[in-house]
Amino acid sequence: AKPRVFIPIFPGTASEYDLIRAFEKAGGRVETLVFRDLHPQEIRESIADISREIKRSQILVIPAGLSIGDELEKTGQMGTAILGAPQIQDAIKEHLEANDGLILGLGGGFETLLNLNLISDDSMDLILNPTGFHVSRIVETEILSNLSPWFMDAKVGDIHTIAVSSREGQLVLDQKTTMELNERGQIATQFVPEEDSPISGIEGLTSRDGRVLGRLGHPERLTSNVAVNVPHQNGYDIFKAGVSYYR
């Protein structure tokens, strides 16, 4: 049987087609649902539909996206407002605690995970890149921990390429929190320092049990027909790892 992968689509969501393609290639069965907000009744129905789909799925994916430029002053706020509904929160709790589910958040979806405390209760935030501008490029990341099911096929110390596309690409947290996360194996990946790159620091974090993963980068965007002029690409397939967890 193919694990069910659920991708909710909010106003401004991006990369959902890339994610569908990546999970289907990995062997998952992908379901999507567009959040409707034209009338209050549609909002109530959409919340109920999302809750139902989460309960039916093994993997919940929160994609990146922007609304109205940079929704409500920061990315990830639309997803936070919707997924923070009590009915959906109950479904997510059941998904993680009773159904052994996995959750993946990329880009703005990572910030949604942070806002909902699905990765950690510690204080941390995503802020603007040092340049203050949107950064879109291909960078290298290093695997720091493979305790998560999402990285069960990776080796600590491996270097992998990933695409980044964000205006808020710096994760800020205090030194004590960083040390504690590192000791627990929650810091999954970090950016490899590059002389001309404005992005550095932590790239991926997981929850304590490793089943919730947030990444600043976009592995779904590196397909066979993208960045063919970039040499030595060596991406890690988290989609295959997530699907393989249920086989």
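The following refers to the structure shown. This is a predicted model, so every value here is computed, not measured. (Residues numbered from 1 in each chain as written. Predicted model: local features only at pLDDT ≥ 70, side-chain atom pairs only at ≥ 80, totals over all residues. Heavy atoms only, no water.)

### Structural notes on the packing of aromatic side chains
Then step 1. A full pass over the atoms with the stated rule returns four aromatic pairs.
Then step 2. On the basis of an interplanar angle of 70° and a centroid distance of 6.4 Å, the ring pair of F10 and F35 is categorised as edge-to-face. One end of the pair, F10, is in the loop between strand 1 (4-9) and helix 1 (16-26); the other, F35, is in the loop between strand 2 (29-34) and helix 2 (40-56), with 25 residues separating them in the sequence. The same class applies to F10 as to F35, namely buried.
Then step 3. Residues F151 and Y236 carry aromatic rings whose centres are separated by 5.4 Å and whose planes lie at 15° to one another, so their mutual orientation is stacked. One end of the pair, F151, is in the loop between strand 6 (135-143) and strand 7 (159-166); the other, Y236, is in the loop between strand 11 (212-215) and helix 7 (238-244), and 85 residues separate them in sequence. In this structure, F151 and Y236 share a single accessibility class: buried. (Phe/Tyr/Trp six-rings, centres within 6.5 Å; stacked < 30°, edge-to-face > 60°. Helix = DSSP H or I, 4+ residues; strand = E, 2+ residues; numbered from the N terminus. Buried < 20%, exposed > 50% of the residue type's maximum accessible area, 1.4 Å probe, protein only.)

### Remarks on the nonpolar core
Then step 1. I50, I88, L171 and L205 are the most contacted members of the largest nonpolar core, which has 39 residues in total.
Then step 2. Residue contributions to this core peak at four residues, all from helix 4 (residues 86-97).
Then step 3. With 24 residues, the next largest nonpolar core counts V5, A26, V30 and L213 among its residues. (Core = buried A, V, L, I, M, F, W, Y, C linked by side-chain atoms within 4.5 Å.)

### Section: the environment of V139
Then step 1. Secondary-structure assignment places V139 in strand 6.
Then step 2. Each C-alpha atom of the pair V139 and G65 lies 20 Å from the other, and the pair is 74 residues apart in sequence.

### Observations concerning the layout of surface pockets
Then step 1. Of the voids in this model, the largest pocket is the one considered here, and its volume is about 480 Å³.
Then step 2. Every residue lining the largest pocket is counted, 23 residues in all, and those nearest its centre are K25, P219, L222, T223 and S224.
Then step 3. Residue assignment for the lining of the largest pocket shows that the elements contributing at least two residues are helix 1 and strand 7.
Then step 4. Ranked by residues supplied to the lining of the largest pocket, first place goes to helix 1 with four residues.
Then step 5. Grouping the amino acids of the lining of the largest pocket by side-chain chemistry returns nine nonpolar, eight polar and six charged. (1 Å grid on protein atoms, 1.4 Å probe; cavity = no way out; pocket = protein on both sides within 12 Å on 5 of 7 lines; lining within 4 Å. Points joined across faces, edges and corners; volume = space filled by probe spheres on them. Nonpolar A, V, L, I, M, F, W, Y, C, P; charged D, E, K, R; others polar.)

### Concerning the sheet that holds strand 4 (residues 102-106)
Paired through their backbone hydrogen bonds, the strands of a sheet run either parallel or antiparallel.
Then step 1. Reading across the sheet, the nine strands line up as 2-1-3-4-11-10-9-6-7 and stay open at both edges, with mixed pairing between neighbours. Strands at the two margins of the open sheet, each flanked by one partner only, are strand 2 and strand 7. Sheet twist, expressed as the average angle between the axes of neighbouring strands with direction ignored, equals 20°.
Then step 2. Two elements, strand 6 and strand 7, share eight bridges in a ladder whose sense is antiparallel. Looking at strand 7, one finds that S136 is bridged to S165.
Then step 3. Where helix 2 meets the sheet, its contacts fall on strand 1, strand 2 and strand 3 (59-62), and the angle it forms with strand 1 comes to roughly 160°. (Pairing = 2+ DSSP bridges. Axes fitted to C-alpha atoms, helices over the stretch in contact; angles between N-to-C directions. Contact = heavy atoms within 4.5 Å.)

### Some remarks on unusual backbone geometry
Then step 1. The backbone of D100 sits at a positive phi, close to 55°, despite the residue not being glycine.
Then step 2. Structurally, the position occupied by D100 is in the loop between helix 4 and strand 4.
Then step 3. With a phi close to 55°, N117 is a non-glycine residue in the positive phi region.
Then step 4. Structurally, the position occupied by N117 is in the loop between helix 5 (108-115) and strand 5 (125-127).
Then step 5. On the basis of relative accessible area, N117 is assigned to the partly exposed category, the value being 43%.

### Concerning the packing of helix 2 against helix 4
Helix-helix packing: each pair is described by the crossing angle between the helix axes and the interaxial distance.
Then step 1. For the pair helix 2 and helix 4, the least separation of the axes is 9 Å and the interaxial angle reads 0°. The orientation of helix 2 relative to helix 4 falls into the category roughly parallel. Packed against helix 2, whose contacting residues are I47, A48, I50, S51, I54 and K55, the element helix 4 presents Q87, I88, A91, I92, E94 and H95 at the interface.
Then step 2. Along the lines of polarity and charge, the residues of the contact of helix 2 with helix 4 split into seven nonpolar, three polar and two charged. (Parallel < 35°, antiparallel > 145°, perpendicular 65-115°, else oblique.)

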